[in-house]
Amino acid sequence: MMALNTRCTSLDEVRSNIDRIDRQLVALIAERGAFVRQAAAFKKTAAEVPAPQRVAQVLAHVRALAGESGADPAVVEATWRAMIGAFIEAERVEQAMLRPPSPH
């Protein structure tokens, strides 16, 4: 892992580091997704899936983490908003498979 202040000496080195980080991020997104799928099992209705209070809590938390880490809070928040939106859709699908609507 390179320090935030490490300077690359070429564009290839920059790209190599970005590719390395992308591999790590994708692995972490997969891990997060596994927990999202588990969360669906604890929610009794589709209305519980979006959880706007939890979304606000997560966004505030990652903005604070961004500030502590030297990341741009606006970029972090935008990234998390996109990720959360995609995970909410995935959780809706998972929740629907776990609790299909009852036939009338």
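Residues numbered from 1 in each chain as written. Predicted model: local features only at pLDDT ≥ 70, side-chain atom pairs only at ≥ 80, totals over all residues. Heavy atoms only, no water.

Student: I'm lost on the overall build of the protein in this one. Help?
Tutor: Across its full length, the protein carries 3 helices and 0 strands. Counting from the amino terminus, helix and strand elements in the protein follow one another as α-α-α. In summary, the protein has a C-alpha radius of gyration of 18 Å against a globular reference of 13 Å for 104 residues, an excess of more than 25%. With 104 residues in all, the protein has 18% of them scored as buried. In the protein, 64% of the contacts between residues at least 6 apart in sequence involve partners at least 24 apart. Counting only carbon and sulfur atoms, one obtains 63% of the accessible surface of the protein, whose full area is about 7,900 Å². Within the protein, one finds 13 positive and 12 negative side-chain charges whose respective centroids are separated by 4 Å. (Helix = DSSP H or I, 4+ residues; strand = E, 2+ residues; numbered from the N terminus. Rg over C-alpha atoms; globule rule 2.2 N^0.38 Å. Buried < 20%, exposed > 50% of the residue type's maximum accessible area, 1.4 Å probe, protein only. Contact = heavy atoms within 4.5 Å. Areas by Shrake-Rupley, 256 points an atom, 1.4 Å probe, with all protein chains shown as cover. Lys, Arg positive; Asp, Glu negative; His and termini not counted. Charge placed at Lys NZ, Arg CZ, Asp CG, Glu CD.)

Student: Where do I start with the pattern of salt bridges in this structure?
Tutor: Oppositely charged side chains can pair when the atoms bearing their charge come close. As enumerated under the stated definition, the model contains 4 salt bridges in all. Where Glu91 meets Lys43, a salt bridge forms, and the shortest distance between an N and an O atom there is 2.8 Å. Residue Glu91 is found in helix H3 (residues 73-98), and its partner Lys43 is found in the loop between helix H1 (11-42) and helix H2 (52-69); the two are separated by 48 residues along the sequence. Taken as a pair, Glu91 and Lys43 share a single burial class, namely buried. Across the pair Arg63 and Glu77 runs a salt bridge whose closest N-O atoms are separated by 2.7 Å. Taken as a pair, Arg63 in helix H2 and Glu77 in helix H3 lie far apart in primary sequence, 14 residues in all. We classify Arg63 as partly exposed; its relative accessible area is 35%. (Salt bridge = Lys/Arg side-chain N within 4 Å of Asp/Glu carboxyl O.)

Shape is all these values report; function is a separate question.
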